[in-house]
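Per-entry structural report
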Amino acid sequence: MLPDYERKILRILYNYTSQRHRTPKINELEIKTGQTKERINEALLYLENENYIAWENKSNLEGIVILKGWEDESDIPRQFSSPNGSIDYWTEY
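One structure accompanies this document, and this report is about it. A quick note: this is a predicted structure, and the numbers were derived from the prediction, not measured.

Points about the packing of aromatic side chains
Taken as a whole and assessed by the stated rule, the structure comprises 1 aromatic pair. Here Tyr-14 and Trp-70 contribute two aromatic rings whose centre-to-centre distance is 5.5 Å and whose plane-to-plane angle is 85°, an arrangement assigned as edge-to-face. Taken together, the residues span a long stretch of sequence, with Tyr-14 in helix α1 (residues 4-20) and Trp-70 in the loop between β2 (65-66) and α4 (87-92) at a distance of 56 residues.

The structure is reproduced here in structure tokens:
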């Protein structure tokens, strides 16, 4: 499971590239996240190490390729798990 900030960066990259057909510039990520360039680079390196993105040229963000746009659902914990199905929560409480 991705940490919150890294998940936020991944979602911004994914949505931005799908809507504008280009990756955001570092200053655009600074505005959207409220974080410094150093923190953004740390998050991007984490995403690269976890195989969510490929980032060969570290001098700019233009070469980032998104390998996975979101987390695997198997990694996300479920809050309401009932052996009889989730309808029980609404009908029996």
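A word on the pattern of salt bridges
Tallied over the full model, the rule gives 5 salt bridges. Measuring nitrogen to oxygen at the nearest pair gives 3.9 Å for the salt bridge that ties Glu-42 to Arg-39. Residue Glu-42 and its partner Arg-39 are both found in helix α3 (residues 37-49); the two are separated by 3 residues, about one turn of the helix. Assessed through its relative accessible area of 48%, Glu-42 is described here as partly exposed. Residue Arg-39 is classed as partly exposed on the basis of its relative accessible area, which comes to 25%. Two residues, Glu-48 and Lys-58, come together in a salt bridge whose shortest N-O distance is 3.0 Å. Remark: Lys-58 occurs in the loop between β1 (53-54) and β2 and Glu-48 occurs in helix α3; sequence separation between them is 10 residues. One network of salt bridges, in which partners are shared, links Glu-6, Arg-39 and Glu-42.

Reading guide: rules and limits
Residues numbered from 1 in each chain as written. Predicted model: local features only at pLDDT ≥ 70, side-chain atom pairs only at ≥ 80, totals over all residues. Heavy atoms only, no water. Phe/Tyr/Trp six-rings, centres within 6.5 Å; stacked < 30°, edge-to-face > 60°. Helix = DSSP H or I, 4+ residues; strand = E, 2+ residues; numbered from the N terminus. Salt bridge = Lys/Arg side-chain N within 4 Å of Asp/Glu carboxyl O. Buried < 20%, exposed > 50% of the residue type's maximum accessible area, 1.4 Å probe, protein only.

Any functional reading would require information beyond the geometric quantities listed.
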